[in-house]
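Below, each chain spelled out in residue letters.
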Amino acid sequence: RVLNNDIADYAVPEDENMALGMASHKLTSSLTVNPFSEFFITPSLVVFSPRWGVDAQDWDSGEWIYGKHDAEAFVDLTLLHRDVGIEGLNIALSAHNLFNAKGVYIEPYFGWEAPIHKPGREVMLTLTYENF
């Protein structure tokens, strides 16, 4: 909740308790499960409550057009296998935004940009070597 916001550029006319681009609530959660000695499963969750942003400007009147954006939830999952073949060699398969949820990046100021769509599902395969 915003307390005593004296900076007009961050104010939301429709809701004095919020700041542009910022969620009132954010929940993050992560858990690592180790079902076998060198195998790890890590799901994670990030949830944002609804946010306000400057979506456009009415060029005729010069007025800013504000929009309230829906809550967002993103799930990631990483599967990690340590010491693959040799000690210190690790391989991980990660999926970011596993369920391909829609989301936007919102500028928390008058930056002349409409909200930008976040990427959809991303899958990465990572090979690392730790020698210390």
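For the structure itself, look to the data block above.
A few points on the structure. (Residues numbered from 1 in each chain as written. Predicted model: local features only at pLDDT ≥ 70, side-chain atom pairs only at ≥ 80, totals over all residues. Heavy atoms only, no water.)

Okay, the nonpolar core next. Listed in full, the six residues of the largest apolar core are Val12, Met18, Leu20, Trp52, Val54 and Phe110. Sequence-distant contacts of Val12, that is, excluding residues within four places in its chain, are made with Met18, Ala19, Leu20 and Trp52. (Core = buried A, V, L, I, M, F, W, Y, C linked by side-chain atoms within 4.5 Å. Buried < 20%, exposed > 50% of the residue type's maximum accessible area, 1.4 Å probe, protein only. Contact = heavy atoms within 4.5 Å.)

Moving on to the packing of aromatic side chains. In the structure shown here, the tally under the stated rule is one aromatic pair. With 6.3 Å between their ring centres and 50° between their planes, Phe36 and Phe39 make a pair best called tilted. Judged by its relative accessible area of 58%, Phe36 is exposed. The ring of Phe48 is capped by Arg51, whose NZ or CZ atom sits 5.5 Å from the centre of that ring. Taking NZ or CZ as reference, Lys118 lies 5.3 Å from the ring centre of Tyr105, over its face. (Phe/Tyr/Trp six-rings, centres within 6.5 Å; stacked < 30°, edge-to-face > 60°. Lys NZ or Arg CZ within 6 Å of the ring centre and 35° of its normal.)

Let us look at the pattern of salt bridges. On inspection of all chains with the given rule, the structure shows three salt bridges. Between Glu130 and Arg82 there is a salt bridge, with its nearest N and O atoms 3.2 Å apart. Of this pair, Glu130 sits in the segment after strand 10 (122–129) while Arg82 sits in the loop between strand 6 (72–81) and strand 7 (89–96), and the two are 48 residues apart along the sequence. Accessibility expressed as a relative area gives 33% for Glu130, which makes it partly exposed. We classify Arg82 as partly exposed; its relative accessible area is 28%. Within this structure, Arg51, Glu72 and Lys118 form a network of salt bridges that share partners. (Salt bridge = Lys/Arg side-chain N within 4 Å of Asp/Glu carboxyl O. Helix = DSSP H or I, 4+ residues; strand = E, 2+ residues; numbered from the N terminus.)

Turning next to the environment of Phe40. By the secondary structure assignment, Phe40 is in strand 3 (residues 39–48). In this structure, the C-alpha to C-alpha distance between Phe40 and Ala92, residues 52 residues apart in sequence, is 9.2 Å. The contacts of Phe40, once residues within four sequence positions are left out, are Thr32, Val33, Asn34, Thr78, Leu79, Leu80 and Arg82.

Here Leu80 shows up in strand 6. C-alpha separation for the pair Leu80 and Glu38, spaced 42 residues apart in sequence, amounts to 8.1 Å. Setting aside residues no more than four positions away along its own chain, Leu80 makes contact with Glu38, Phe39, Phe40, Asn90, Ile91 and Ala92.

With that settled, the discussion passes to the layout of surface pockets. Quantified by volume, the largest pocket comes out at close to 160 Å³. Along the walls of the largest pocket sit Val46, Phe48, Phe74, Asp76, His96, Asn97, Tyr105, Lys118, Pro119, Gly120 and Glu122, which together make up its complete lining. If you list the elements that add at least two residues to the lining of the largest pocket, you get strand 3 and strand 6. Residue classes in the lining of the largest pocket are distributed as five nonpolar, three polar and three charged. (1 Å grid on protein atoms, 1.4 Å probe; cavity = no way out; pocket = protein on both sides within 12 Å on 5 of 7 lines; lining within 4 Å. Points joined across faces, edges and corners; volume = space filled by probe spheres on them. Nonpolar A, V, L, I, M, F, W, Y, C, P; charged D, E, K, R; others polar.)

A few words on unusual backbone geometry. The phi dihedral of Asn97 falls on the positive side, at around 55°, and the residue is not glycine. Mapped onto the elements of the fold, Asn97 is located in the loop between strand 7 and strand 8 (104–105). Backbone geometry places Asn100, a non-glycine residue, at a positive phi of 55°. Its location among the elements puts Asn100 in the loop between strand 7 and strand 8.

The quantities given are spatial measurements derived from coordinates; they are silent on function.
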